[in-house]
Amino acid sequence: ELSEAKAMLSNTRRLSATCSWRLDPESGSVSWSPGSGAMFGLPDQELPLSRDAFLALIHADDRERYDTARRVVKDPGQPSEIMFRVISRDGTTRIIHELASDLRDEAGRRFVKIGILQDITEQPGMLCASCPRIEFSGLEEKAERKPLR
């Protein structure tokens, strides 16, 4: 049953173009779900293992906005959302939607941050409701809120 559940999870991630990550706030180390490298055009063994290395994968025009959004203190009970672009080694640009949340202990201290990424490049109607909409036809960033469909 466990191997069947793992296979189902793997297929779900592949079909939904999603992956997950886990950040240890103490060490800054990042771990990834199997197959995550495909989202970035990398083999899994070359995925970034630190927060700073992950930031390097984000499009230069989106990096500061992403980093700023991640540093803003959010309601600890609510996940945060953001969209950004990544550019793979072959030059392909992908639009990524991220949901992230802090896991906290009984005293309210964060002990781990978890998140999921979804490649929404081919799904423009799936943009998140609370994320700034980015117009990629130029270098402009245009905020527009649209509901999830």
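Computed from a predicted model, the values in this text were never measured in an experiment.

The rules behind the values
- Residues numbered from 1 in each chain as written.
- Predicted model: local features only at pLDDT ≥ 70, side-chain atom pairs only at ≥ 80, totals over all residues.
- Heavy atoms only, no water.
- Pairing = 2+ DSSP bridges.
- Helix = DSSP H or I, 4+ residues; strand = E, 2+ residues; numbered from the N terminus.
- Expected span 1.5 Å × (residues − 1).
- Phe/Tyr/Trp six-rings, centres within 6.5 Å; stacked < 30°, edge-to-face > 60°.
- Buried < 20%, exposed > 50% of the residue type's maximum accessible area, 1.4 Å probe, protein only.
- Contact = heavy atoms within 4.5 Å.
- Patch = residues over 30% accessible without salt bridge, like charges linked within 9 Å, V, L, I, M, F, W, Y side chains within 5 Å.
- Areas by Shrake-Rupley, 256 points an atom, 1.4 Å probe, with all protein chains shown as cover.
- Salt bridge = Lys/Arg side-chain N within 4 Å of Asp/Glu carboxyl O.

Turning our eyes to something else, we now look at the pairing of strand β4 (residues 93-104). As defined by bridge partners, strand β3 (residues 80-87) adjoins β4 across eight bridges and the pair is classed as antiparallel. Residue pairing across strands places Ile 82 opposite Glu 98, the latter belonging to β4. Hairpin geometry of β3 and β4 is characterised by an intervening segment of five residues between the two adjacent antiparallel strands and by a positive phi of about 90° at Gly 91. With nine bridges joining them, β4 and strand β5 (residues 110-119) adopt antiparallel strand pairing.

Attention now moves to helix α1 (residues 2-16). Compared with the 21 Å implied by 1.5 Å per residue over 15 residues, the 21 Å span of α1 between its first and last C-alpha is a close match. Positive backbone phi, approximately 55°, marks Ala 17, located one or two places after α1.

If you walk through the whole model with that rule in mind, you get six aromatic pairs. Taking the centre distance of 5.6 Å and the plane angle of 75° together, the rings of Trp 32 and Phe 40 count as edge-to-face. Residue Trp 32 shares its accessibility class with Phe 40, and that shared class is buried. Here the aromatic rings of Phe 40 and Phe 54 are separated by 6.1 Å at their centres, their planes lie at 85°, and the arrangement is edge-to-face. With Phe 40 in helix α2 (residues 37-40) and Phe 54 in helix α3 (residues 51-57), this pair connects stretches of sequence that are 14 residues apart. Since its relative accessible area comes to 3%, Phe 40 is described here as buried. Here the aromatic cluster, defined as three or more aromatic residues joined through ring pairs, consists of Trp 32, Phe 40, Phe 54, Tyr 66 and Phe 84.

Each α-helix winds once per 3.6 residues, and so residues spaced three or four apart point in a common direction. If you check helix α4 (residues 60-71), its first and last C-alpha atoms are 18 Å apart, about what 12 residues at 1.5 Å a residue would give, namely 16 Å. Every buried residue of α4 is listed here: Asp 62, Arg 65, Tyr 66, Asp 67 and Arg 70. Tucked inside the fold, the buried residues of α4 contact α3, β3, β4 and β5.

Moving on to a nonpolar patch on the surface. Taken together, the side chains of Leu 103, Phe 111 and Ile 114 make up a nonpolar region of the molecular surface, amounting to roughly 240 Å² of accessible area. Secondary-structure assignment places Phe 111 in strand β5.

A few words on the pattern of salt bridges. Close approach of charged atoms lets side chains of opposite charge pair. A complete count under the given rule lists eight salt bridges for this structure. Between Arg 94 and Asp 119 there is a salt bridge, with the nearest N and O atoms lying 2.8 Å from each other. Of the two residues, Arg 94 is situated in strand β4 and Asp 119 in strand β5; the sequence distance between them amounts to 25 residues. By relative accessible area, which is 12% here, Asp 119 ends up buried. Notably, a salt bridge pairs Asp 102 with Arg 104, separated by 3.1 Å at the nearest N-O pair. Judged by its relative accessible area of 33%, Arg 104 is partly exposed. Within this structure, Asp 62, Arg 65 and Arg 85 form a network of salt bridges that share partners.

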